[in-house]
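Descriptive analysis of the structure
Take a look at the letters that make up each chain.
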Amino acid sequence: MRIGIFTSDDNLTTLVERATQAEADGFDSFWVPQIFGVDALSALTLIGATVPRIELGTAVVPTFPRHPMALAGQALTVSAASGGRLTLGVGLSHQVVVEGMWGYSFEKPVRHMREYLTALVPLCAGEEVSFSGETVTARGAIRIEDAPPVPVMVAALGPAMLKAAAELATGTITWMTGAKTLAEHTVPTLTAAAEA
């Protein structure tokens, strides 16, 4: 069994200290969210360069405020700094934040995520992308020397988003989801979509 730890803090030094302690305590992975404070990927770049073993992840970075090419550049930078230890978790955030704080439309969120992943996943694999959808356009590639590919996971709860995660990403990241929901809904839905 592999066990990770999830933490957040508004202080960069504290995050580095927590990652160092998590590694010393034997945790396999260290996950941070992107909320309204320390930039998660910037913090993980520093942690990846200074804490040598523990795997790193975001749980999660919202898609709306970052273009897929910008996010892929950040993720590949963390990958280069950490020797390929990053898993990039992305999510929609919430309608009140997306519309009320950022001023973006939250209409058809699954469409947005599918388009976003269509651009982001190849970019995080070091590939060139040429995509033009209804909400996302991305053309080009991100070149960062010595950056291993970055797996992308999606925060997903509903069947349509779980299907998108299974079809377009490495998997899903859950939060505040119990064992019953995982066993009866999340895993079967994700598995069926991946098999299809």
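Residues numbered from 1 in each chain as written. Predicted model: local features only at pLDDT ≥ 70, side-chain atom pairs only at ≥ 80, totals over all residues. Heavy atoms only, no water.

A few points about the environment of Glu128
Note that Glu128 resides in the loop between α5 (109-124) and β6 (129-132). Spatially, the C-alpha atoms of Glu128 and Val16 are 33 Å apart, while their sequence positions differ by 112 residues. Apart from the residues within four sequence positions on either side, Glu128 is in contact with Gly140 and Ala141. (Helix = DSSP H or I, 4+ residues; strand = E, 2+ residues; numbered from the N terminus. Contact = heavy atoms within 4.5 Å.)

Digging into the side chain of Ser29
Mapped onto the fold, Ser29 is located in strand β2 (residues 29-32). On the basis of relative accessibility, which here comes to 10%, the residue Ser29 falls in the buried class. A polar contact of 2.8 Å, which involves the side chain of Ser29, links it to the side chain of Trp31. Those residues in contact with Ser29 that lie beyond four places of it in its chain are Ile3, Gly4, Ile5, Ile54 and Glu55. (Buried < 20%, exposed > 50% of the residue type's maximum accessible area, 1.4 Å probe, protein only. Polar contact = N/O pair within 3.5 Å; in protein donor to acceptor, adjacent residues only side chain to side chain.)

What about the pairing of β2?
Side chains of β2 alternate between two faces, with Ser29 and Trp31 and Phe30 and Val32 buried alike. Pairing of strand β1 (residues 4-6) with β2, which is carried by three bridges, proceeds in the parallel orientation. Pairing of Ile5 across the sheet is with Phe30, part of β2. In this region the chain leaves β1, passes through helix α1 (residues 12-24) and returns to the parallel neighbour β2; the handedness of that crossover is right-handed. As defined by bridge partners, β2 adjoins strand β3 (residues 55-58) across four bridges and the pair is classed as parallel. (Pairing = 2+ DSSP bridges. Right-handed = clockwise from strand over helix to strand, strands pointing away.)

Observations concerning the nonpolar core
In this structure, Phe30, Ile47, Leu88, Val90, Leu120 and Val154 are the most contacted members of the largest nonpolar core, which totals 50 residues. If you tally residues by element for this core, the top one is α5, at seven residues. Not counting residues within four places of it along the chain, the set of residues in contact with Leu120 comprises Pro68, Leu71, Ala72, Leu88, Val90 and Val152. Formed by five residues, the second largest nonpolar core is a distinct cluster that contains Ala59, Val60, Met153 and Ile173. (Core = buried A, V, L, I, M, F, W, Y, C linked by side-chain atoms within 4.5 Å.)

Honestly, it's all geometry; don't read function into it.
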